[in-house]
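# Remarks on the overall topology
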Amino acid sequence: MLTVKKASRLFKDGAAGFKNITFTVQKGEIVGILGTSGCGKSTLLRVLSGLDHADSGTIHLNDGSPSGAGVIFQEPRLMPWLSVEDNVLFGFKNPSKYRKQAAHYLSLVGLSEFAGALPRDLSGGMAQRTAIARALASQPSVLLLDEPFSALDAFTKMQLQDLLLDIWQEEKTTMVMVTHDIDEALHVCDRVIVLSGQPGEIAAEFKISQPKPRSRSDLSLATYKEKIFSILEYSNTGLQKYSVR
Amino acid sequence: MKSKLNLIGLGMILPVLLIAIWEAAARLGWIESYLLPAPTVVIESIIEMAQEGTLWAHVSITLYRVGAGFLIGTAAAVFIGAAVGYFKKAEHLLDPILQAFRSIPSLAWVPLFLLWMGIGEPSKVTLIAVGVFFPVYLNIVSGIQGVDRKLIEVGKVYHFNSLQLVRRIILPASLPSFLVGIRSGLGLGWMFVVAAELLGASEGLGYLLVLGQNTSSPELIIASIILFAALGKGTDALLKSIESRSLKWQDNLQNAQ
């Protein structure tokens, strides 16, 4: 579905960004990219979405749909002058023809009653739901999520993670999700790629075979958490030593 | 609804009081009528002009000058401002010289325009257009340059081309500052029409000012001032209603209930 080969993108004389990233995403899979801040994971997602370009390496989207990748950003990024419905149809050239589609995705994210509302009247969680509906409406072959819930409170965050899983159950959307939240990655993803270092490189990859939806108190996930945590902690202490010296 | 009427009533107290004092002062002879005639006299002279048919001629020529100058100035500002705001190259090419022209007080152009275009309509309309141009231009440029990069990225995700980016994101996002620009541009337009008509005209509200001075009829001057105020306020209210209607989406103090 999505193949990334030896992709690199470096900033600040090679001290930031990511390098030598290789992975593939299968159709219908949810892949998490996990790392501490500054490991280049958001840059990686920007490169995957085409907003930024890679210095080297190839990114290949085996495209079944015309629209390529859909992106959900950390902030909702709604157009404040458009109603919720028109925001959902923002990617369409001729929105008025696709009202039915908008209604479908709005009901999928539970916002049917707010189709006519303006973004200023929405809560943070509702705005992000609208952004999810917008990204889905263009039926992307892969959905790229850049820390999509990190600006939300803990409760809303869990609701939206479960919403994402419900959507996946219904539409089997392929997703790549960048996050710094280990619990989020373990709750949602089929596979977790851990980035560490500056520039970020793939430190480990975990396949989470527990069926979704998973219980948040699933003990078997705790072992993954411990492993991932030790990798990230290790790369962090290395960083501290470096900066002290 | 009732509270709105109350608010209007509150705002009317001082004007009504002032006019009453003014009327009384003129009637009781506290002020010489050749300096400040009573409001009723001013109104009478307006009505008289309306009956003679000269009022409409003066008002319409002034409205025409402001309208034409405003449209030309705004159109030029939209065109150049959009280019300067959107293309970095255009900014480096045009902005320095426009800023230099901006620092010339617009009235300093008057003699040159009179020399070039004579005393007729073109010189007046040009002067007004120059006056309108700068506030509109400045606001469009800053509006476009202030558009949130994050919103533009959303368009890029959908592979919008430049035209689509401008039409679907940049224009609506910079609309608030564009509207501020055309409102202050219109205000300047009214200012410059007075200047243009004071300096040489045979009709128009500004000409009435000169006529009133030359014939020692203050009621004519005050009538003209009142008409300027009414027309200026009226056209601004028109723009303001367009503004509040098209900017309902803004999450600001104005729209807070």
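No experiment lies behind these values; they were computed from the predicted model shown. (Residues numbered from 1 in each chain as written. Chains lettered and ligands numbered in written order. Predicted model: local features only at pLDDT ≥ 70, side-chain atom pairs only at ≥ 80, totals over all residues. Heavy atoms only, no water.)

Attention now goes to the sheet that holds strand 2 (residues 16-25) of chain A. Residue and element names in this part refer to chain A. Read from one edge of the open sheet, three strands run 2-1-4, paired in antiparallel fashion. Whereas interior strands pair on both sides, the edge strands pair on one side only; in this sheet they are strand 2 and strand 4 (56-61). Mean inter-strand twist for the sheet, computed between neighbouring axes without regard to direction, equals 20°. Two elements, strand 1 (residues 2-11) and strand 2, share seven bridges in a ladder whose sense is antiparallel. Across the sheet, the residue bridging to Val 4 is Phe 23, located in strand 2. Packed on one face of the sheet, helix 1 (residues 41-49) meets strand 1, strand 2 and strand 4 and runs near 55° to strand 2. (Pairing = 2+ DSSP bridges. Helix = DSSP H or I, 4+ residues; strand = E, 2+ residues; numbered from the N terminus. Axes fitted to C-alpha atoms, helices over the stretch in contact; angles between N-to-C directions. Contact = heavy atoms within 4.5 Å.)

Once that is clear, we can look at the interface of chain A and chain B. The interface of chain A with chain B comprises 23 residues on the first partner and 21 residues on the second. It is Trp81(A), Phe90(A) and Arg120(A) in chain A that bury the most area against chain B; as a group they hold 38% of the surface buried on that side. Put simply, chain A and chain B have three salt bridges between them. A salt bridge links Lys150(B) to Glu75(A); the nearest nitrogen and oxygen atoms lie 3.2 Å apart. Remark: the boundary between chain A and chain B carries eight residue pairs in polar contact (both at pLDDT 80 or more). Secondary-structure elements contributing two or more residues to the side of chain A that touches chain B are strand 5 (69-72) and helix 4 (124-137) of chain A. (Buried area = accessible area lost by both parts, 1.4 Å probe. Salt bridge = Lys/Arg side-chain N within 4 Å of Asp/Glu carboxyl O. Polar contact = N/O pair within 3.5 Å; in protein donor to acceptor, adjacent residues only side chain to side chain.)

Our next topic: the environment of Phe90(A). Position of Phe90(A) relative to the elements: it lies in the loop between helix 2 (84-88) and helix 3 (99-108). Classification of Phe90(A) as buried rests on a relative accessible area of 1%. Excluding residues that lie within four positions of it along the chain, Phe90(A) makes contacts with Met79(A), Leu82(A), Arg134(A), Val154(B), Gly155(B), Tyr158(B), Phe160(B), Arg168(B) and Ile169(B). (Buried < 20%, exposed > 50% of the residue type's maximum accessible area, 1.4 Å probe, protein only.)

Okay, the UniProt feature "transmembrane region" (unreviewed entry) in chain B next. On the UniProt side, "transmembrane region" (unreviewed entry) is annotated at positions that read residues 63-87, 99-119, 125-148, 169-200 and 220-239 of chain B here. The span residues 220-239 of chain B is 100% helical and 0% strand by assignment, and the distance between its end C-alpha atoms comes to 29 Å. (UniProt positions renumbered as here; feature names shortened; annotations may be inferred.)

With that settled, consider a nonpolar patch on the surface. Side chains of Leu5(B), Ile8(B), Met12(B) and Val16(B) sit close together on the surface and give an oily, nonpolar patch of about 400 Å² of accessible area. Here Leu5(B) is to be found in helix 1 (residues 2-27). (Patch = residues over 30% accessible without salt bridge, like charges linked within 9 Å, V, L, I, M, F, W, Y side chains within 5 Å. Areas by Shrake-Rupley, 256 points an atom, 1.4 Å probe, with all protein chains shown as cover.)

With that settled, the discussion passes to helix 5 (residues 154-171) of chain A. Residues and elements named next belong to chain A. The terminal C-alpha atoms of helix 5, which comprises 18 residues, lie 26 Å apart, in line with the 26 Å expected from a rise of 1.5 Å per residue. Where helix 5 is concerned, the buried positions are Thr 156, Lys 157, Leu 160, Gln 161, Leu 163, Leu 164, Leu 165, Ile 167 and Trp 168. Among the structural elements, strand 3 (30-34), helix 3, helix 4, strand 6 (142-146), strand 7 (175-179) and helix 6 (182-188) are those in contact with the buried residues of helix 5. Trailing helix 5 by a residue or two, Lys 172 shows a phi angle of about 50°, which is positive. (Expected span 1.5 Å × (residues − 1).)

Time to look at the nonpolar core. Core analysis: the biggest nonpolar cluster contains 82 residues, and Phe23(A), Leu48(A), Met79(A), Phe90(A), Leu144(A), Val176(A) and Ile169(B) have the highest contact counts within it. When residues of this core are assigned to their parent elements, the largest contribution, eleven residues, is made by helix 6 (residues 121-145) of chain B. Filtering out sequence-adjacent residues up to four positions away, Leu48(A) remains in contact with Leu2(A), Val4(A), Phe23(A), Ile59(A), Leu144(A) and Val176(A). In terms of nonpolar packing, the next biggest core, distinct from the first, is built from 51 residues, Ile72(A), Val109(A), Ala137(A) and Phe206(A) among them. (Core = buried A, V, L, I, M, F, W, Y, C linked by side-chain atoms within 4.5 Å.)

Let's shift gears to empty space enclosed by the protein. Residues and elements named next belong to chain B. The tally for this structure, following the rule as stated, stands at three cavities of 30 Å³ or more. Quantified by volume, the largest cavity comes out at close to 90 Å³. Lining the largest cavity, in full, are Val 110, Phe 113, Leu 114, Ile 119, Ser 123, Lys 124, Leu 127, Ala 196, Leu 199 and Gly 200. (1 Å grid on protein atoms, 1.4 Å probe; cavity = no way out; pocket = protein on both sides within 12 Å on 5 of 7 lines; lining within 4 Å. Points joined across faces, edges and corners; volume = space filled by probe spheres on them.)

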